[in-house]
Amino acid sequence: MNVKQAVALIRKHGPSTPEEFTEIGVPLEKRKIGSGIFREVIKVKGLPLVVKFPIAESKNGRVSYRAGKMHSTVEVKKIARLRKFRKLRGHLPTVYYHDRKSGVLVMQYYPAFVNDADTLRALGKMVTKAISHGTGIEVSDIHEENVRMGKTSKHAVLIDLGY
C-alpha cells in the first residue's frame, strides 16, 4: 500500500481510534512517537504518515476530547493560512486528512533532527527566509553560534548579521 491508497481508505472510512485504523487496513505502529498536552502521535506502519489523536481529559467526572479536537482544528486552519505565503510552504507539514468531529489528523511523517545544533541550523535557515521575505534584507549567517540569549531565556538575539 502507498500513501495515496492509505489516505483514500482513511477518507472513505473515517477511523477515529488506532483499532479502527487497523480494521480498515491502515495499521499503526505499536508505540506512539510523540505526545503533548492535547494529542498523541502514532506513525502508520511502513508509510511516511502520522496520525494525531486527541487525548481524553476528565472534568467533573466526565471524559472529554474537546481541547484536543479544538487543537487539531486550529492547527489545520493555521497551516492553511500560512500556505498562502509561498516561501513558507516548504516549512509546513502536509495535511492529508482532518476530521473535525473526532479531532483525528493525518499528516506527513517528518523525522526528528539528530541533535540540537542541526535543529538550530535548520531554524536559522527558516528565519533567514522569513526575514528576507518580510523585510527585503538578506541575512545568511543565523546558526547556533550567532544566536544568544537576550533579556530572558525565551528571548533570542541575533549577534552576527555580517553576511
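In this report, the structure presented in the accompanying data block is examined.

1. A short note on the pattern of salt bridges
Tallied over the entire structure, the rule returns five salt bridges. Of the charged contacts in the structure, one is a salt bridge between E75 and R39, with a shortest N-O distance of 2.6 Å. Here the residue E75 occupies a position in helix α3 (residues 66-82), and R39 occupies one in strand β2 (residues 39-43), the gap between them amounting to 36 residues. Given a relative accessible area of 18%, E75 falls into the buried group. Residue classification places R39 among the buried positions, given a relative accessible area of 10%. With a closest N to O distance of 3.2 Å, D118 and R121 form a salt bridge. Highlighted residues: D118 and R121, both in helix α4 (residues 116-135), separated by three residues, approximately one helical turn. Through salt bridges that share partners, R39, K52 and E75 make up one connected network.

2. Brief notes about the environment of L120
Along the polypeptide, L120 turns up in helix α4. Take L120: its relative accessible area is 41%, and that puts it in the partly exposed class. C-alpha separation for the pair L120 and K30, spaced 90 residues apart in sequence, amounts to 31 Å.

3. Thoughts on a positive patch on the surface
Taken together, the side chains of R86, K87, R89 and K129 define a basic patch exposed on the protein surface. In this structure, R86 sits in the loop between α3 and β6 (95-98).

4. Section: the side chain of K52
Within the element layout of this structure, K52 appears in strand β3 (residues 49-54). Residue classification places K52 among the buried positions, given a relative accessible area of 14%. Side-chain polar atoms of K52 contact the side chain of E75, separated by 3.1 Å. When sequence neighbours within four positions are dropped, the list of residues in contact with K52 reads R39, E40, V41, E75, G103, V104, L105 and M107.

5. What about the nonpolar core?
Counting 17 residues, the largest nonpolar core has F21, L49, V51 and V106 as its most contacted members. In terms of residue count, helix α1 (residues 3-13) provides more of this core than any other element does, four residues in total. Ranked by size, the runner-up nonpolar core spans six residues in total, among them V50, V76, L105 and M107.

6. Considerations on α3
Owing to its 3.6 residues per turn, the α-helix aligns residues three or four sequence positions apart on the same side. The end-to-end C-alpha distance of α3 is 24 Å, a good match for the 24 Å that 17 residues give at a rise of 1.5 Å each. Listing the buried residues of α3 in full gives A67, G68, S72, T73, E75, V76 and I79. Where α3 is buried, its residues contact β2, β3, β4 (57-59), β6 and β7 (105-108).

7. Digging into the environment of G68
Mapped onto the elements, G68 comes out in helix α3. With 12 residues separating them along the chain, G68 and A56 place their C-alpha atoms 7.7 Å apart.

What counts as what
- Residues numbered from 1 in each chain as written.
- Predicted model: local features only at pLDDT ≥ 70, side-chain atom pairs only at ≥ 80, totals over all residues.
- Heavy atoms only, no water.
- Salt bridge = Lys/Arg side-chain N within 4 Å of Asp/Glu carboxyl O.
- Helix = DSSP H or I, 4+ residues; strand = E, 2+ residues; numbered from the N terminus.
- Buried < 20%, exposed > 50% of the residue type's maximum accessible area, 1.4 Å probe, protein only.
- Patch = residues over 30% accessible without salt bridge, like charges linked within 9 Å, V, L, I, M, F, W, Y side chains within 5 Å.
- Areas by Shrake-Rupley, 256 points an atom, 1.4 Å probe, with all protein chains shown as cover.
- Lys, Arg positive; Asp, Glu negative; His and termini not counted.
- Charge placed at Lys NZ, Arg CZ, Asp CG, Glu CD.
- Polar contact = N/O pair within 3.5 Å; in protein donor to acceptor, adjacent residues only side chain to side chain.
- Contact = heavy atoms within 4.5 Å.
- Core = buried A, V, L, I, M, F, W, Y, C linked by side-chain atoms within 4.5 Å.
- Expected span 1.5 Å × (residues − 1).

Spatial relationships are all this shows, so hold off on functional conclusions.
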